[in-house]
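# Structure assessment
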Amino acid sequence: MGHRDVSGDDVIRSTVGPTRAARGAQVAVMVDGVERVAWLGEPLIEVINRAQVPLAQVCYHEQLGPIQSCDTCAVEIDGVVGRACGTPVRAGMVVRTQTNAARAAQRDAYDRIVANHDLYCTVCDNNNGNCTVHNTLGVLGIDHQNRPFQPKGYEKDMSNPFYRYDPDQCILCGRCVEACQNVQVNETLSINWEAEQPRVLWDGGKPIGESSCVSCGHCVTVCPCNALQEKSMLGEAGLFTGIPLPVWNAAIDVVKGVEASSGLKPIMNVSEIESAARDRYIKKTKTVCTYCGVGCSFDVWTDERHILKVEPGLGHANGISTCVKGKFGWDYVNSEDRLTSPLIRDGDRFREATWDEALALVARRFTEIRAAKGPDALAFVASSKASNEEAFLVQKFARQVIGTNNVDNCSRYCQSPASKGLSLTVGIGGDSGTIKDIENASLVITVGSNTAESHPVLATRVKRAQKLGRTRVIVFDIREHELARRADEFHRPNPGTDFVWLAAVSKFILDNGLEDKTFLAERVNGLEEFRASIEEYTLERAERETGLSAATLEALARRIAGEERVCILWAMGVTQQCGGTDTSAAISNLLLITGNYGRLGTGAYPLRGHNNVQGASDMGAQPDAVSGYQKIDDPLAVQRHEREWGIQLRPERGLDNTQMIDAAIRGELRAMWITGEEMSLTDANANHLQEGFEALEFLVVQDLYFTNTARFADVVLPAAASLEKEGTFTNTERRIQRLYEVMPPLKGTKPDWQIYTAVAERMGHRWGYTHPAQIMDEIARLTPFFAGVSYDRLEGYDTLCWPVAEDGTDQPLLYTERFNFPDGKARLYAGEYRPRQQAPNDQFDLHLNSGRMLEHFHEGNMTFRVAGIAAKAPDAFVEISPELAAERNIQSGHWARLVSEHGAVRLQVLVTGRVSGNQVFVPMNARKAEDAVNRLTGSQGDATTNTPAYKDTRVRLDVLHDVGPNPLPATNPRWGHPTPQDGVEVERKWARPDYVFPGGLLPMHGDSLNARADALGADD
Ligand code: SF4
Ligand code: SF4
Ligand code: SF4
Ligand code: FES
């Protein structure tokens, strides 16, 4: 496929949206007689829009760029009528938007569009003030349609669970195609421009539900009318739109009949009144996605508790983008399984209790256990799905109310090694830049990250940059996932050997003088120790250990050293190993020796898994640090907390998640309070965990549902969902974003922050919070990194990337001047290779890999409760390679038992080329707790952080007799066949014999077009 560069410029400078072209030199242009500032090469339409000159523009969307399919933006440019969106600014242009010729062309273009679209706005669910087709009618003041609407003769496509396509409403603008091809880069959509009656096609002509469509919703979001519509809107959004079908059809006929006799204006007036009336019951609330760490934000439209739709557009991390979970994955909030009353254990059963009774019991038991066994007999797990304010309160509760440092969060299961590796080398355990930097890299390397499935929207930016020819992508992974298939280079090192190739590449760079000497001399310490530490990692040794050839590694070293801007992204393939910290530091070392920190388009990006896993650690839900990574024995932190909380922080490190379970089994830990974590399935060695929970005297679990972890609880507290509360989340970019209450908490549930506050009060600490903003103010007072953070500064879509100075200045890109050490210099880290401990042997001959699926989140407690998602990906399975399938004589659908030293699970086999040889893969999500992959994983972990080495597991596969259907249904997008192309390919439309530029031929000089317009009687 051909690559193209829409801007011709080297660097994208946008923060919102992926596509805004770089600006050239500042020039002046005349628009309707007024001089306007413009930038050379930007689309002329941007100048007109900045000047707020009303101009029709149906296909233009600033985050998609010029598509040039609708022709409604026709203006006179230096006397020639042309498209304002498709014309790059030149110095001194004279532009007139309202000449006879321009207006005639605009109206003619619109008339052609609505010949494709049945204008029944009054009874249309999309008519909510943001329908571009409807609104353009007003901009152009059109009263009559000259070309009557012509049905296209295709059926509506209802086959996707989340949205439908109505060809008869489709104006063929191509926005959806551009979004799918070049923003989401799933490459499902095209338009068959050469057909007698063109339409949008999925995989070249498949039903949507059988295509490669991943239901990301980009196309639906950008569709300027109701051709693509969320099913959750249908019959729900308008005053008259829920009426039964025959009546609805009759209503359309009435609407059309009136139009024929009285023109469009009266109809449009009624529809505008109706649309305005919708504002009284449709609520639009900004929130932040509750799934992964990309941090997409969007408005949620609701009618009471019914979610009408999710509308992205203004989010700093995502613009118009979402994945299936953020756009459509919200049924779980209204699931019938939601807990609506506290539960108290009564022998082998649970009984419903009042909040008063449950909270009093929690306070009493915590008080008793602390009195009897001391504060360290209690431990607390904060939720990385809950807000910053809530994570902060969990550690405040542990430290102030109880007096223990036994507090942690689920970053222990994934991110701690990356944070540690970065803290050791550059001083801050977070992404060093933002998604904008990743978009601007000339080389993106991913290591052990299934980015397209685990961080879908972030991956779109990588895929897009690569497709447009801006970025080269190199993937290191043991599994050939989507990004691996798309990569310019895909390397499959042996499991757990990333440290070795990183060390060897670093050594080659240093040995051959390819390092960035100036950067090293001025900004980095520890070069000689580092050089000595990697002395043994020759390319030949690396070849033996990793399976990657010395030639490959040498080419890689030369490429990295020669690149202008390198970003390295990594995830659980690196961190969930015995040497997760050392390998993370090795990545950082490589970036340091090549000078790839502190500049646009460079840096280290450990991609955060949960929506607020970054925030949970930032807020001090860790055993050795309070908020902002201040160590518990740091005298300044101790002082601040003494002043604010009236207590002395204890200087001894507390227990982390993994140690808590061991301490429970030893009888030292007696009580735990776990918020919003399905720990019993997500921690490694689930059977060991179960033993730990059973050993506890008292366990409190706080969640949306009666989870598997709740089965072990003594008290279960029903929590509110993220849509039901206010707060802030911090995404993988360190970007703090506010979420607002979309709907009130489900009756019987409470936001976590209120629950902690209530228990604290019952234990003698009157915190007095009435709103999360007060908690954020306290965080700001206690945390230098958050000094300037306040709800006012985070209003609406405003965001801040920490560290935030007191005056509100934030730092999207770190290390531009200094690294976060006293002398401002980075530290190369002399790490150690820690080979895997569980390599396959005679008894357990397969290597087990586990990870996320696009459709599901983590263990699946939320996403299995979204009917459309559950239909597309109904359960877990075990992926095996074609080689292994042939050797064992099995096919997809066979049932098998996977057995490890720690447990066994029963799963269906899926044979795919994504895995190779004796490696198998099992998704983390499982419908049945007994088949969760962590029944198989063991207790070994990262030497520095105790993060379990989930990816270091060996198993055997026992084939069972049962055979069922393929575990991945035919409607799953992985079976689809995308149709990549450069975009809408509007030139093919222009090449149609029946295409003429509206009002005449293009380009046409204004004079002749004006004459034609005069003849048609257009107004000036
Ligand atoms: S993948 Fe599907 S939902 Fe996403 S833009 Fe393409 S067609 Fe639309
Ligand atoms: S379906 Fe696509 S081509 Fe049709 S109107 Fe919507 S965005 Fe435009
Ligand atoms: S799951 Fe992640 S990528 Fe998907 S919408 Fe939510 S934040 Fe964005
Ligand atoms: S807005 Fe310019 S051609 Fe559609």
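Just so it is clear, the structure is predicted and the values come from calculations on it, not from any experiment. Residue positions are counted from 1 within each chain, in the order its sequence is given. Chain letters start at A and ligand numbers start at 1, both assigned in the order the entries are written. Only residues with pLDDT of 70 or above have their local features reported here, since the model is predicted, and side-chain atom pairs are shown and tallied only from 80 upward, although totals for entire chains, interfaces and linings are computed over all residues. To get the side-chain values, take all heavy atoms of the structure and skip hydrogens and water.

Let us now look at the site of ligand 1. Here, proximity means that at least one heavy atom of the residue falls within 4 Å of the molecule or strand. Neighbouring ligand 1 are Tyr163, Cys180, Asn186, Leu189, Trp202, Cys213, Val214, Ser215, Cys216, Gly217, His218 and Cys219. Gly is put with the polar residues, along with every residue not named as nonpolar or charged; the nonpolar set is Ala, Val, Leu, Ile, Met, Phe, Trp, Tyr, Cys and Pro, and the charged set is Asp, Glu, Lys and Arg. Considered class by class, the residues forming the shell around ligand 1 number 8 nonpolar, 4 polar and no charged.

Below, the discussion takes up the sheet that holds strand 29 (residues 735-739). Across the sheet, which stays open at both edges, the 3 strands sit in the order 28-29-30 with antiparallel pairing between neighbours. Looking at the sheet topology across the chains shown, the edges are occupied by strand 28 (727-730) and strand 30 (800-801). For two strands to be treated as a pair, DSSP must find no fewer than two bridges joining them. The way it works is that DSSP assigns letters per residue, a run of H or I at least four long becomes a helix, a run of E at least two long becomes a strand, and they are numbered from the N terminus. In terms of strand pairing, strand 29 meets strand 30 through 2 bridges, oriented antiparallel. In the sheet register, Arg735 faces strand 30, and the bridge partner there is Cys801. Running at roughly 90° to strand 28, helix 10 (residues 388-402) makes contact with strand 28 and strand 29 of the sheet. Any pair of residues with heavy atoms lying within 4.5 Å of one another is described as a contacting pair. All axes are obtained by fitting lines to C-alpha atoms, using only the stretch in contact for helices, and the reported angles, taken between N-to-C directions, cover 0 to 180 degrees.

Let us now look at the side chain of Asn409. Inspection of the secondary structure puts Asn409 in the loop between strand 16 (407-408) and helix 11 (416-425). For this analysis, a polar contact is any N or O atom pair within 3.5 Å, provided that within protein one partner can donate a hydrogen and the other can accept it, and provided that sequence-adjacent residues contribute only side-chain to side-chain pairs. Reaching out from Asn409, the side chain makes a polar contact with the side chain of Ser617 at a distance of 3.3 Å. A polar atom in the side chain of Asn409 sits 3.0 Å from the backbone oxygen of Ala621. Residues contacting Asn409, with those up to four places away along its chain left out, are Ala382, Val613, Ala616, Ser617, Ala621, Gln622 and Asn657.

As a further point, take the site of ligand 3. Around ligand 3 sit Cys289, Tyr291, Cys292, Gly295, Cys296, Cys323, Lys325, Gly326, Pro456 and Val457, and that is every residue in its neighbourhood. Secondary structure elements with two or more residues in the shell around ligand 3: helix 8 (324-328) and helix 14 (456-467). Split by residue class, the shell around ligand 3 holds 7 nonpolar, 2 polar and 1 charged.

Along the polypeptide, Glu563 turns up in the loop between helix 20 (550-562) and strand 21 (566-570). A simple rule labels every residue: compare its accessible area, found with a 1.4 Å probe on the protein chains alone, to the largest value its type can have, and call it buried under 20%, exposed over 50%, or partly exposed in between. Taking the relative accessible area as the measure of exposure, Glu563 reaches 18% and is therefore buried. At 2.7 Å, the side chain of Glu563 forms a polar contact with the side chain of Ser442. With sequence-adjacent residues up to four places away left out, Glu563 is seen in contact with Ser442 and Leu443.

So, on to helix 19 (residues 539-546). Turning to helix 19, its buried residues number three or more, namely Leu539, Arg541, Ala542 and Thr546. Projected down its long axis, helix 19 carries its buried residues within an arc of 155°, all on one side. Backbone geometry just downstream of helix 19 places Gly547 in the positive-phi region, at approximately 85°. The arc in question is the one traced by the directions running from the helix axis out to the C-beta atoms.

Time to look at the sheet that holds strand 19 (residues 489-491). The strand order across the open sheet built from 5 strands is 19-18-17-21-22, with neighbouring strands paired in parallel fashion. Single-partner strands in this sheet number two, and they are strand 19 and strand 22 (603-606). If you compare each strand with its neighbour and ignore which way they point, the axes differ by 15° on average. Both strand 18 (residues 472-476) and strand 19 contribute to a ladder of 3 bridges, which runs parallel. By the bridge assignment, Val475 is partnered in strand 19 with Phe490.

What follows concerns the packing of aromatic side chains. Here a pair means two rings of Phe, Tyr or Trp (six-membered ring of Trp) with centres within 6.5 Å. Their orientation is stacked below 30 degrees between planes, edge-to-face above 60, and tilted elsewhere. Within the structure shown, the criterion is met by 30 aromatic pairs. Ring geometry for Tyr291 and Tyr332: centres 6.1 Å apart, planes at 70°, overall edge-to-face. Pair noted here: Tyr291 is in the loop between strand 10 (283-288) and strand 11 (297-303) and Tyr332 is in the loop between helix 8 and strand 13 (343-346), with a separation of 41 residues, a long-range link. Here Tyr332 falls in the buried class, since its relative accessible area comes to 0%. Site record: aromatic cluster; members linked through ring pairs are Phe366, Phe380, Phe397, Trp673, Phe698, Tyr756, Trp767 and Tyr769. Cation placement over rings: the criterion is NZ of Lys or CZ of Arg within 6 Å of the ring centroid and within 35° of the ring normal. One residue, Arg479, lies across the ring of Phe921, its end atom 3.6 Å from the ring centre.

Next up on the list: the confidence of the model for the protein. Low pLDDT marks stretches whose predicted atomic positions should not be read closely. Per-residue confidence from the predictor is given as pLDDT, running between 0 and 100. Mean pLDDT for the protein: 91, with 93% of residues reaching 70 or above. Predicted confidence is poor over residues 1-21, with pLDDT under 50, and the contacts of this stretch with residues over four places away or in other chains come to 64 contacts. Ignoring residues within four places in sequence, the model shows residues 1001-1020, a span with pLDDT below 50, making 43 contacts including any to other chains.

Pairing is possible between side chains of opposite charge, provided their charged atoms come close. Salt bridge, as used here, is a side-chain nitrogen of Lys or Arg placed within 4 Å of a carboxyl oxygen of Asp or Glu. Following the criterion strictly, the structure yields 60 salt bridges and no others. Between Arg50 and Glu42 there is a salt bridge, with its nearest N and O atoms 2.7 Å apart. Judged by its relative accessible area of 35%, Arg50 falls in the partly exposed class. Across the pair Arg558 and Glu554 runs a salt bridge whose closest N-O atoms are separated by 3.1 Å. Remark: Glu554 and Arg558 occur in helix 20; sequence separation between them is 4 residues, near one turn of the helix. Each of Arg364, Arg365, Glu368, Lys373, Arg670 and Glu697 takes part in a single network of salt bridges with overlapping partners.

Attention now goes to unusual backbone geometry. Keep in mind that most residues, glycine aside, have a negative phi and that most peptide bonds are trans. The linkage connecting Trp802 with the following residue, Pro803, adopts the cis geometry, with an omega of 0°. If you trace the backbone, Pro803 turns up in the loop between strand 30 and strand 31 (826-827). Positive phi, close to 55°, is recorded for Gln52, a residue that is not glycine. Tracing the backbone shows Gln52 in the loop between helix 1 (44-50) and strand 3 (74-77).

Let us now look at the nonpolar core. Counting 115 residues, the largest nonpolar core has Phe366, Phe380, Phe397, Tyr597 and Trp673 as the members making the most contacts within it. Ranked by residues supplied to this core, first place goes to helix 16 (residues 498-511) with 10 residues. Excluding residues that lie within four positions of it along the chain, Phe366 makes contacts with Leu378, Phe380, Phe397, Ile402, Ala671, Trp673, Phe698, Val700 and Met763. Nine residue types can take part in a nonpolar core, namely buried Ala, Val, Leu, Ile, Met, Phe, Trp, Tyr and Cys, and a core is a set of them joined through side-chain atoms within 4.5 Å. With 92 residues, the next largest nonpolar core counts Leu64, Phe328, Val333 and Leu458 among its residues.

Time to look at the environment of Met862. Mapped onto the secondary structure, Met862 falls in the loop between strand 32 (846-851) and helix 30 (867-872). Under the relative-accessibility criterion, Met862 is labelled buried at 10%. Sequence spacing of Met862 and Val333 is 529 residues, and the spatial spacing of their C-alpha atoms is 8.3 Å. Leave out the neighbours within four places in its chain, and Met862 touches Thr290, Tyr291, Tyr332, Lys385, Tyr705 and Phe857.

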